[in-house]
Amino acid sequence: MLLLYNTNTYVTADVVSTFAQRYGLAGAAKGIASAAEMMNNVVGMLLVIGANTIARKASDVSLY
């Protein structure tokens, strides 16, 4: 996604990671970029915990 990303495709190709990179490299909005990336990480962690809970209830296999 990052290789095909340019100013013409911001409207359709902007995801949280590319948004954070674009605003973080701009220099003016490093706080917004950090908050966006932290939120991305929190959502990813919640998805892993949810998948682990479902896997544990469905079978005896789990990540931790």
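Everything below is about the structure shown above.
Below is a summary of the structure that appears in this document.

Reading guide: rules and limits
Residues numbered from 1 in each chain as written. Predicted model: local features only at pLDDT ≥ 70, side-chain atom pairs only at ≥ 80, totals over all residues. Heavy atoms only, no water. Helix = DSSP H or I, 4+ residues; strand = E, 2+ residues; numbered from the N terminus. Rg over C-alpha atoms; globule rule 2.2 N^0.38 Å. Buried < 20%, exposed > 50% of the residue type's maximum accessible area, 1.4 Å probe, protein only. Areas by Shrake-Rupley, 256 points an atom, 1.4 Å probe, with all protein chains shown as cover. Polar contact = N/O pair within 3.5 Å; in protein donor to acceptor, adjacent residues only side chain to side chain.

### Regarding the overall build of the protein
Of regular secondary structure, the protein possesses three helices and zero strands. Tracing the protein from N to C terminus, the helices and strands come up as α-α-α. For 64 residues, the compact-globule formula gives about 11 Å, and the C-alpha radius of gyration of the protein, at 17 Å, lies well above that figure. When burial is assessed residue by residue, the protein has 12% of its 64 residues classed as buried. For the protein, the computed accessible surface area is about 5,100 Å², with 69% contributed by carbon and sulfur atoms.

### Some details on the side chain of Thr18
Within the secondary structure layout, Thr18 lies in helix 2 (residues 16–26). For Thr18, the side chain forms a polar contact with the main-chain oxygen of Val15, separated by 3.1 Å.

In short, geometric facts, not functional conclusions.
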